[in-house]
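# Topology and contacts: notes
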Amino acid sequence: ISCKEHTSIKTLKSMSMRILKSRLFVGVVSFFLGALLVFHGVKRKNTASCSRAPVSDLNTTLATFGHYIEHYNDERYLGKQDTFDPPARKPGYTYRSTTYQAVYDKTWTNGGYPAQSCWGCRFATDVIAKLKFHTILDAGTGNGALTRLMRQYGKNAYGIELSRAALEKECPDLLSKNYVEAGILTNLPYEDNSFDLVMSSDVLEHIDPAEADAVVKELVRVSRRHLFLSISLKNNGAPKGEAEHTLLRPRVWWHKLFQKHGAVVNEEFLWAMQEKDSQYITENQKNCRQEGDESDGGLFEVCSVSNTWLVGKREQRNVRMHRSVTENGELEPWFFAFRKI
């Protein structure tokens, strides 16, 4: 065939594919609209079988459908995916610390935490693979290891940490470039909606219960869309006055607190990450104990089971033989995922 005929055939194929795709999209949308309208009609029939549904009710149904679609359109809420500009600063920000900074300075510099340890690094690549984002805040970055890893993967990553001593000792290069800085989670230095993703790895269990509301409010404030956290639900056995777990609350308590400040549970991402195994609900449980606060969220059971798992970065080979599990079979680390709405 001639070049002209060949080009015509290619053009026709291209047009056919576009038509097919558009019809498929229209078909999917039509299916959902039809399902909603049928549901709407059945509901109306049950309440007033002889009356026609008012136009206002139909508009409400369509508006609800549109809101549902937009609610899950994450990309609409994300920022530029190719920028490495630093996040804008909150007007009037003034650095503050807390009375317990000295505790974490000591923990980081006197061997309480292993050098270059990184709780979040173990699951960071899963987050990168499963969630679209570019700008990220590591809230409670410690030695900056997760911030460093995210930058190695091409993310515009920043970290904030209570312990200035940890930053100065373990990541002075990141500190000098302003990729990490000292600060507190109740007073973040960034403008609203600064990060596609706010991430935090085993940090919130360490905060003062009186500060929980303010911390969650700040984390949601600076997020554009996603929040992903690991929060320990078990006592770490640290002596009083050291880096102890001062805020142990059940999952539903945390979900309600984030929802209060405008973030809803991202169910599909949460259960793509959280490990849950029903065999541990009844078998081989040891050292079971009640955690939590009876007057604030209630008590819940946490047990120890024989389950080998890797903590932190793979190259550190921090393998543990036992693992904690909640009464419904959720194994540590305990993940929490939210969408800001």
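None of the values given here were measured: they were computed from a predicted structure.

### Re the packing of helix α8 (residues 212–222) against helix α9 (residues 251–260)
Relative orientation of the contacting elements α8 and α9 amounts to 60°, with a least axis distance of 9 Å. By the angle class used here, α8 and α9 are oblique. Between α8 and α9 lies a crossing whose hand is right-handed. Every residue of α9 that contacts α8 at A212, D213, V216 and V220 is listed here: W253, W254, L257, F258 and K260. For the contact of α8 with α9, the residue count by class is seven nonpolar, no polar and two charged.

### Looking at the state of the cysteines
Counted by the stated rule, this structure contains two disulfides. Here C118 connects covalently by a disulfide to C121, the sulfurs 2.0 Å from one another. For the disulfide bridge between C118 and C121, the dihedral angle about the S-S bond is near 80°, and by the sign convention the bridge is right-handed. Residue C118 is classed as buried on the basis of its relative accessible area of 6%. Paired by a disulfide, C288 and C303 hold their sulfur atoms 2.0 Å apart. Judged by the torsion about the S-S bond (115°), the C288/C303 disulfide is right-handed. In this pair, C288 is assigned in strand β7 (residues 286–293) and C303 in strand β8 (residues 298–311), connecting sequence segments 15 residues apart. What connects to what in the protein chain, once the bonded cysteines are numbered by sequence position, is 1-2, 3-4.

Calculation rules
Residues numbered from 1 in each chain as written. Predicted model: local features only at pLDDT ≥ 70, side-chain atom pairs only at ≥ 80, totals over all residues. Heavy atoms only, no water. Axes fitted to C-alpha atoms, helices over the stretch in contact; angles between N-to-C directions. Helix = DSSP H or I, 4+ residues; strand = E, 2+ residues; numbered from the N terminus. Parallel < 35°, antiparallel > 145°, perpendicular 65-115°, else oblique. Left-handed = near helix turned anticlockwise from the far one by under 90°. Contact = heavy atoms within 4.5 Å. Nonpolar A, V, L, I, M, F, W, Y, C, P; charged D, E, K, R; others polar. Disulfide = S-S within 2.5 Å. Buried < 20%, exposed > 50% of the residue type's maximum accessible area, 1.4 Å probe, protein only.

In short, the description is geometric, and any link to function would need to be established separately.
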